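Each chain, letter by letter, is given below.
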Amino acid sequence: MSPKGKTELMWLLGVSAILVVSAVANIAFIDGHTANIAQPTDLQTVPANSTIINVTGSQWVWEFQIGNQTYFNSGNGHSGALPLVLNHTYTFEVTSKDVIHDLSIPEFGVQSYAVPGHENQVSFKPTKLGYYYFECVEYCGFEHYEMRGYIDVTNGGAS
Amino acid sequence: MSFLPVSYQALPGVVAGATHYVLEVMIILTILGVLTFYIYYLISSRKEAVEEAAGKEGYTDSSEYVRDKMYGRKRKADFSMFIYDDAKSIGLRYIFTGIAFLFLAGSFGVMMRVSLVDPNPVVISPVLYDIFLTQHATLMIYMFALGVGFGFAYYLLPSYLRLKKDNMGTLSSVAYWIWLLGGALFVVSRSSMRWYMYPPLSLQLTPYGAGMANWLAVIAMELIFIGITMASIIVLKIIFLDRADDMPLSKMPIFAWSIVFTLIMVVSSDPPLMVGLGMLFYDFFNPVFFTASSNTVLNFAILFWFWGHPIVYIAVLPFFGLIYEIIQKFTGGKVYSYSSAIIGMGTLLIFSELVWGHHLLNSGLGVDWVLFFTTTSFVVVIPSAISVFNWIATLWTADRIRLSTPMLFVINAIFDFILGGIEGVMLANDSFNEIAHGTYFVTGHFHFIFVGMTLGVTMAVFYMLYPTFSGGRVYNERLAKWHFYITAFGSFLMSFSWSVGGFLGMPRAVAGYFPFFQPYQDSAIIGGVIIGIGQLVFLYNIATSWLKKPVTDTNNAFETVEDIPAAVSEAEPLAKDTQAVNGGE
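Residues numbered from 1 in each chain as written. Chains lettered and ligands numbered in written order. Predicted model: local features only at pLDDT ≥ 70, side-chain atom pairs only at ≥ 80, totals over all residues. Heavy atoms only, no water.

J.: Sorry if this is basic, but what is going on with the interface of chain B and chain A here?
T.: How big an interface is tends to be reported as the loss of accessible area on association of its parts. On the chain A side, the residues contacting the 62 residues of chain B number 52 residues. Here chain B meets chain A over a buried area of about 4700 Å², counting both sides, of which 65% is carbon and sulfur. Linking chain B with chain A are 1 salt bridge, by the criterion used here. When the shortest N-O distance is used, the salt bridge between B:R194 and A:E138 registers 3.8 Å. Linking chain B to chain A there are 16 residue pairs in polar contact (both at pLDDT 80 or more). (Contact = heavy atoms within 4.5 Å. Buried area = accessible area lost by both parts, 1.4 Å probe. Salt bridge = Lys/Arg side-chain N within 4 Å of Asp/Glu carboxyl O. Polar contact = N/O pair within 3.5 Å; in protein donor to acceptor, adjacent residues only side chain to side chain.)

Okay, here's the thing in structure tokens:
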């Protein structure tokens, strides 16, 4: 093999090694966090002891329904931050009334499209106390930028 | 007449708005029609003169006469490029149209940036912002990147491949006009559905939803697709059937190979979206395809991204090839490894059709989907790594590198491509994708590559061809260097600020934002405005030097005279005819 080819092969092996490590890490992550990936709703796969929150996106409001209580956020007003309890598992059942939206909570790595006529589920566990934001990250029309709000992670008690 | 859709907010109802809108479209179309007729008049009067000259030499088809006479020769850029339909004239049309759309879409981009100085949309209305968002993306990709890509292919390939004949000019011309009509109608439609065109949103025909004339935008997109598909097949035919007999595929210039892969990608990936758009158009009147109860709107997203991922490779792959060519010109040597350059670009073609699902990782298509498409997204890095290695190795082993403006643009393109590529690898991790999907991190990722490579290499090639285009004029080297430094700095500042902000979850495509994202938005605004200023320097440089007298010969590094057997260096076969119709010069 020519010296040129050897140099090139070395480089390719180096790059491939990095990629293989990343790919394996990625597969391991996916394998360990299947509930954290947006997927069609299936009550069989909902983690045990998790609280189900029904999330409905519509132009341009996010509505969160926990049991009988409803929290909403929009440009015109909101019902306060969505209260969540620390280290408790939640499952979002996300759907939409009109167009495609995308609920994202960057701090907890939660993201799921809200697709009309199709319900997605995604589970997560808040592991940090505090005030975090969520937002719509799929362009959905005129007031898309207003579809954002806060969640409030507390030690429990009240809720 | 209010051009800006802001006015619709003041209108009482949608019906009044629609009437108003149709009126505006009709006025614009009337103006376009008058302009078209004037151009037709100019063209037909010139064509008569050419036909006379053709008749004297015994040609019955004047286009054939033009192509025979102009075959493979260097061409000056003037109005005649819209009349003649030899490959070089078609190439010039595409190049200059592409650059015109670069400035149009670029100004939309700068206005979007400036409007974000305040966390609330106080500068321009969200409707106008959404329109700029849609137009910027669509025009930049379909009209600028694809346009200059076709332009360089049509312009350079006849010299590179020493074409035996040039006989599909009329069809090429038709493809160009269809493509241009599509682009013009897309601007006229003022659609705000974003370049994804996801159905339930694109079917909302109100200014508050996604734009009033989305149906027109869908027709415009179909026209663009017809144009680029036709042109792709013609250029593939030129490469495979018309190249010189003594040029086997294994010795073809790398640029020609990059065009081959790009165009195969076009013709093999755009049918799904062409079909999807046809169904979407039907859905405007009778929603049976994507919004029917038996269907899911994600089906359109899947059809879209089957084309949507290859198109981003299509927008950079010709520039991969051009980088190889420019590096060879400025180092005086051969490329480090010819075969790995071809393999690198060829495997990109195959993988482009296997990774598109990573645009929909969070859409709820399931765990297996995520597993497959994240893994292939890692694999697709290898072909790009081969190309990057090859560029750097060619520079590394060169005896000397001439660092004039085009080379600086190319080096910056490689640097930006590496940065953007690493961000792409990060995005392939699903754990990170859940955070960064839909944020400015993605915007930063592809603006590194598009501004650095697509824009930068276009400018590099334009500067190198400028003496030929302008008929022997030279640009101001100092201003050109300034153009480079300003563009490179602005592009880095903008994309880097976006990447940092996106890392923290700053959503993209929004007219307003949480106030705590202000620092990242502000520095990106400064970067965006700096890029705009850089392009104004370019415009000023070109305009002032074009007004001066020619001082040099019209040679350039790409089209050497000895490449073309039939060409005589200074001959201008049609000079007499064009002078006759121009009324002398």
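J.: How should the sheet that holds strand β10 (residues 120-124) of chain A be read in this particular structure?
T.: Pairing between the strands of a sheet comes from backbone hydrogen bonds, and it takes one of two forms, parallel or antiparallel. All names here are of chain A. Pairing within the open sheet is mixed, and its 7 strands lie in the order β1-β10-β7-β2-β3-β4-β5. Every other strand in the sheet has two partners, leaving β1 (39-40) and β5 (77-78) as the edge strands with one partner each. Relative to strand β7 (residues 90-96), strand β2 (residues 51-58) runs parallel, the two being bridged by 7 bridges. Across the sheet, I53 pairs through a bridge with F92, a residue of β7. (Pairing = 2+ DSSP bridges. Helix = DSSP H or I, 4+ residues; strand = E, 2+ residues; numbered from the N terminus.)

J.: Teacher, can you tell me more about the nonpolar core here?
T.: Nonpolar side chains in soluble globular proteins generally cluster together in the buried interior. Membership of the largest hydrophobic core comes to 213 residues, with the highest contact counts inside it found for A:F64, A:F92, B:Y142, B:F152, B:W391 and B:M453. The element that contributes the greatest number of residues to this core is helix α4 (residues 126-161) of chain B, accounting for 25 residues. Look past the residues within four positions of A:F92 in its chain and what remains in contact with it is A:I53, A:V55, A:F64, A:L82, A:L103, A:I105, A:V110, A:N120, A:Q121, A:V122 and A:F124. (Core = buried A, V, L, I, M, F, W, Y, C linked by side-chain atoms within 4.5 Å. Buried < 20%, exposed > 50% of the residue type's maximum accessible area, 1.4 Å probe, protein only.)

J.: Mind showing me how you'd approach the side chain of B:D242 here?
T.: Residue and element names in this part refer to chain B. If you trace the backbone, D242 turns up in helix α7 (residues 214-242). Of note is the side chain of D242, whose polar atom sits 2.8 Å from the side chain of K237. Beyond its immediate chain neighbours, meaning those up to four positions away, D242 contacts R162, L163, K164, K165, N167 and K237.

J.: In this structure, what is going on with the sheet that holds strand β12 (residues 148-154) of chain A? I would like to understand it.
T.: All names here are of chain A. The strand order across the open sheet formed by 5 strands is β6-β12-β11-β8-β9, and the pairing between neighbours is mixed. Both outer strands of the open sheet, β6 (82-85) and β9 (110-114), are each paired with one neighbouring strand and no more. With direction set aside, neighbouring strand axes in the sheet form an average angle of 25 degrees. (Axes fitted to C-alpha atoms, helices over the stretch in contact; angles between N-to-C directions.)

J.: Looking at this structure, I do not really get the environment of B:I323. What am I missing?
T.: Residue and element names in this part refer to chain B. Tracing the chain through its elements places I323 in helix α10 (residues 317-331). Residue I323 is classed as buried on the basis of its relative accessible area of 0%. Spatially, the C-alpha atom of I323 lies 8.5 Å from that of F255, the residues being 68 residues apart in sequence. Here I323 is in contact with W391, V410, A413, I414, M453 and V457, once residues within four sequence places are set aside.

Everything listed here is a matter of geometry and, on its own, says nothing about what the molecule does.
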